[in-house]
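# Geometric and topological summary
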Amino acid sequence: MKVIIVGGVAGGASCAARLRRLDERAEILMVERGPYVSYANCGLPYHVGGVIEKESSLLVANEQTFRVQFAIDVRTRCEAIEISPKEKTVKLRDVATGEVKSESYDKLVLSPGAASVRPPLPGIDLPGIFHVRTVPDAREIREWIERGSAFLSGIHKYSGFQTLRPKTRSVVVGGGFIGLEMVENLIHRGFEVTLVEMLDQVLPMIDPEHARVVEAHLKRHGVRLALNDGVAGFKQAANSAIDVETKSGKTYPADVVILALGVRPDTTLAKQAGLKIGERGGIRVDEQMRTSDPDIFAVGDAVEVKDFVTGEWSLVALAGPANRQGRIAADVITGRKSRFRGTQGTSIIGLFGAAIAWTGVSEKTLNRMGDTDYEKIYLYPNSHAGYYPGAKPIALKVIFRKSDGRLLGAQALGEDGVDKRISALAAMLQMGATIYDLEEAELCYAPPFGSAKDPLNFAGMVAADVLRGDMPLSHWNSAKTGFLLDVREPMELAVENVPGALNIPLGQLRARLGELPHDREIHVICRSGQRAYYATRVLLQNGFKAKDVSGGMLSLAHNYLLDTEREGD
Ligand SMILES: Cc1cc2nc3c(=O)[nH]c(=O)nc-3n(C[C@H](O)[C@H](O)[C@H](O)COP(=O)(O)OP(=O)(O)OC[C@H]3O[C@@H](n4cnc5c(N)ncnc54)[C@H](O)[C@@H]3O)c2cc1C
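Residues numbered from 1 in each chain as written. Predicted model: local features only at pLDDT ≥ 70, side-chain atom pairs only at ≥ 80, totals over all residues. Heavy atoms only, no water.

Formed by 49 residues in total, the largest nonpolar core has its most connected members in I5, M30, L108, L110 and M289. Here this core gets 5 residues from one element, more than from any other, and that element is helix α8 (residues 319–333). Aside from chain neighbours lying at most four places away, what touches L108 is I4, V6, I83, V90, D295, I296 and F297. (Core = buried A, V, L, I, M, F, W, Y, C linked by side-chain atoms within 4.5 Å. Buried < 20%, exposed > 50% of the residue type's maximum accessible area, 1.4 Å probe, protein only. Helix = DSSP H or I, 4+ residues; strand = E, 2+ residues; numbered from the N terminus. Contact = heavy atoms within 4.5 Å.)

Right, here's the structure in full:
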């Protein structure tokens, strides 16, 4: 059997290596139009930022590794330009010489990835405007930055005050995860950074109230945010600088511009071969990664996948799914019954010492779909036992089905323990777990790592209390116009209070029930929702209609910002 694989990075290289492990006799040819195979594109922003200093660290394996260890014929700078499904041949062009050869296949695997979106804006091809997709892209950015502007050249060779390197200006266009990673890395290199984003939030995959916390974190680290404003064009300025002009009429001068406007599946070859393209613009495949032609498979960023939670077709450009799909295609080609389960879009991004991670569906998506059978909770547990030094709060939002408690999605932010919580939730979500399973999950614990009641158990308990009717829940958007009972201590109110809320500290509540109305819903608040829960239990058992405001004052901090004018840059 002869298998040709187009694209030699995440999906393609995984497929090739697995294929060899399963079939020692298969003839495997992997072609890659770029100069490298199997490189770590996820590490590119950190190479630009100087965190990963050596370019060679990004090269996970090379042609030689594939040849020697796996007996795979790897050809770099070799582009697949045409597929003939009828004849089962692929035309391959040598990028250096232009020479074209035809190769036959029994099975073909396409893993061509995605192309960075580069809209035809005026001035978009000016020098100094980059995107980050490949090792050569990162190298070009580094060379541009290190060359600097005229006034910088050679300055590091002088002594005294002249060795101070002045800040340089940069603009990152697009606030998705690659954009934010570039923001962090440019700040790391001493740049002033303006982030221009057309939407009214960064990280469009998470809900706006959690994005608000990310935005505040970005501002705290000196990032200038220009949200709700798209780029209109670019103009050449003095000293090889660029003026980035936005639709609202603002101009941001920059010495380097990074475009991080998202990616589009590369379907050039698939379209030419007449393969079915789906409604989201990716190659349509079945659960076994087979395209509309049974001898052609496709994997990675180029394909559409089923969203595990919503069942909708979606485009998810992530390394994990690409690797798994490459492996599945190899399994299926060699006669195994593997299938792809769909994706939950589980992701994480590090940002100035914090992490933001998410899995499954967002509330925004549920609202877009008109799905009202869900509830959400906000909680702020410590990353590990509070008495052990270094515990940090995690802002956690968990979304679950109202009707049966099934986990639907989660978003978390914090400086410690975010990754393992979202990873555990992602695994549970993929197994179809409910919040009752979360309540019972047995997770590892010692004081430096967690709590006897882990944040995830805690989330399960809170959610289960809600669904069992032990803790009726409300959220700030409805609570703020209702009767508010604040059960915090007066000292806490001196720092931050909610106008119009009646304050009865929890310890005095039983003695002061007479001050509360029986004919109105009472929305109970405290700092995080925990004391409010105790108070809600007291009130419910005394015949009041009480609800715990989820997340209390901590969720107010970011939920309220949704309704009010956001402070400027
Ligand atoms: C800067 C950056 C940071 C990222 N960070 C993360 C992260 O932290 N976490 C995460 O999960 N994901 C991350 N990703 C996404 C992840 O890298 C991709 O989802 C993954 O690489 C997709 O794998 P793929 O095989 O589909 O495509 P790719 O890995 O992009 O490989 C496709 C290859 O196919 C080649 N090719 C295309 N057409 C042809 C042709 N006709 N002939 C020959 N070769 C061809 C291309 O040159 C390319 O090298 C990041 C991506 C980038 C760019």
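Let us now look at the environment of T267. Along the polypeptide, T267 turns up in the loop between β17 (263–265) and α7 (268–272). We classify T267 as buried; its relative accessible area is 6%. When neighbours within four sequence positions are excluded, T267 is seen to be in contact with I277, G281, G282, I283 and A302.

In this section: the site of the ligand. The full set close to the ligand counts 30 residues, and G11, E32, S111, D301 and A319 are the nearest of them. Within the backbone of G11, an N or O atom sits 2.8 Å from an oxygen atom of the ligand. Separating a nitrogen atom of the ligand from a backbone N or O atom of A80 is a distance of 2.9 Å. Relative to its unbound accessible area of 1,000 Å², the ligand is 92% covered by the protein chains. Residue composition of the shell around the ligand, by class: 18 nonpolar, 6 polar and 6 charged. (Near = heavy atom within 4 Å. Polar contact = N/O pair within 3.5 Å; in protein donor to acceptor, adjacent residues only side chain to side chain. Areas by Shrake-Rupley, 256 points an atom, 1.4 Å probe, with all protein chains shown as cover. Nonpolar A, V, L, I, M, F, W, Y, C, P; charged D, E, K, R; others polar.)

In space, the 3 strands of this open sheet follow the order β4-β5-β6, with antiparallel pairing throughout. Either end of the sheet is taken by a strand with one partner, and the two such strands are β4 (78–84) and β6 (100–104). Sheet twist, expressed as the average angle between the axes of neighbouring strands with direction ignored, equals 30 degrees. (Pairing = 2+ DSSP bridges. Axes fitted to C-alpha atoms, helices over the stretch in contact; angles between N-to-C directions.)

Although it is not a glycine, R77 sits at a positive phi angle of roughly 50 degrees. One can find R77 in the loop between β3 (73–76) and β4. For F352, which is not glycine, the phi dihedral falls at a positive 50 degrees. With respect to the helices, strands and loops of the structure, F352 is situated in the loop between β21 (347–351) and β22 (354–360). F352 gets classed as buried once you look at its relative accessible area, which sits at 15%.

Among the secondary structure elements, R284 is positioned in the loop between α7 and β18 (296–298). Engagement of the side chain of R284 in a polar contact is seen with the side chain of E304, the distance being 2.9 Å. When neighbours within four sequence positions are excluded, R284 is seen to be in contact with K276, I277, G278, E279, R290, T291, S292, E304 and W313.

Quick look at the packing of helix α1 (residues 10–22) against α8 now. It is the contact of α1 with α8, at a shortest axis distance of 7 Å, that shows an interaxial angle of 35 degrees. Read as a crossing pair, α1 and α8 show a hand that is right-handed. Every residue of α8 that contacts α1 at A10, G11, S14, C15, R18, L19, R21 and L22 is listed here: A322, N323, G326, R327, A329, A330, D331 and I333. Looking at side-chain class alone, the contact of α1 with α8 contains 8 nonpolar, 4 polar and 4 charged residues. (Left-handed = near helix turned anticlockwise from the far one by under 90°.)

Turning to the sheet that holds β21, a few remarks are in order. Remark on secondary structure: sheet strands pair via backbone hydrogen bonds, oriented parallel or antiparallel. Reading across the sheet, the 5 strands line up as β21-β22-β25-β24-β23 and stay open at both edges, with antiparallel pairing between neighbours. Edge positions in the sheet fall to β21 and β23 (374–379), since each of these pairs with one other strand and no more. With direction set aside, neighbouring strand axes in the sheet form an average angle of 10 degrees. Across the sheet, helix α12 (residues 455–467) lies against β23 and β24 (394–401), angled at about 135 degrees from β23, the strand it touches most.

The full count for this structure, using the stated rule, is 3 aromatic pairs. Between the aromatic rings of F130 and W144, the centroid separation amounts to 6.1 Å while the plane-to-plane angle is 65 degrees, which identifies the pairing as edge-to-face. Separated by 14 residues along the polypeptide, F130 in strand β9 (residues 129–131) and W144 in helix α4 (residues 135–147) bring together distant segments of the chain. Residue class for F130 comes out buried when judged on its relative accessible area of 8%. Each ring, one from Y533 and one from Y534, has its centre 6.0 Å from the other, and the planes form 45 degrees; the classification is tilted. The class for Y534 is partly exposed, based on a relative accessible area of 38%. The ring of W313 carries R284 above its face, with NZ or CZ at 3.8 Å from the centroid. (Phe/Tyr/Trp six-rings, centres within 6.5 Å; stacked < 30°, edge-to-face > 60°. Lys NZ or Arg CZ within 6 Å of the ring centre and 35° of its normal.)

It is worth spelling out the confidence of the model for the chain at this point. Across the chain, the average pLDDT comes to 94, with 95% of residues at or above 70. Here residues 159–167 scores under 50 on pLDDT; set against residues more than four positions off or in separate chains, the count is 11 contacts. (pLDDT = per-residue confidence, 0-100.)

Structurally, the α-helix is built with 3.6 residues per turn, so residues lying three or four positions apart point the same way. Buried within helix α15 (residues 530–540) are the following residues: A532, A535, T536, V538 and L539. Buried residues of α15 fall within an arc of 160 degrees about the axis and therefore sit on the same side. On its buried side, α15 packs onto β27 (483–486), β29 (521–525) and β30 (545–549). (Arc of directions from axis to C-beta.)

On a regular strand, one side chain projects to one face of the sheet and the next to the other, so that they alternate. By the alternation rule, side chains of β21 split into S347, I349 and L351, which are all buried, and I348 and G350, of which none is buried. As paired elements, β21 and β22 share 5 bridges and run antiparallel to each other. Bridge pairing in β22 places G350 opposite A355. Connecting β21 to the next strand, β22, in antiparallel fashion are 2 residues, including F352 with a positive phi near 50 degrees.

On to the pattern of salt bridges. Side chains bearing opposite charge may pair, as long as their charged atoms lie close to each other. Applying the stated rule across the entire model yields 37 salt bridges. E53 serves as the salt-bridge partner of R142, at 2.6 Å between the closest nitrogen and oxygen. Taken together, the residues R142 in helix α4 and E53 in the loop between α2 (44–48) and α3 (63–70) connect sequence positions 89 residues apart. One salt bridge connects D295 with K88, and the closest N-O pair in it is separated by 3.1 Å. Linking D295 in the loop between α7 and β18 with K88 in the loop between β4 and β5 (89–94), this pair joins segments that are 207 residues apart in sequence. One continuous salt-bridge network, built from bridges that share partners, spans D207, E209, E363, K376 and K397. (Salt bridge = Lys/Arg side-chain N within 4 Å of Asp/Glu carboxyl O.)

Checked against the element boundaries, I394 lands in strand β24. For the pair I394 and P45, spaced 349 residues apart in sequence, the C-alpha to C-alpha distance is 26 Å.

It is worth spelling out α8 at this point. Between its terminal C-alpha atoms α8 stretches 21 Å, which fits the 21 Å expected from 15 residues at 1.5 Å a residue. For α8, the full list of buried residues reads P321, A322, Q325, G326, I328, A329, A330, D331, V332 and I333. As for α8, its buried residues are in contact with β1 (2–6), α1, β7 (107–110), β18 and β19 (305–306). Count one or two residues on from α8 and you reach G335, which has phi positive near 95 degrees. (Expected span 1.5 Å × (residues − 1).)

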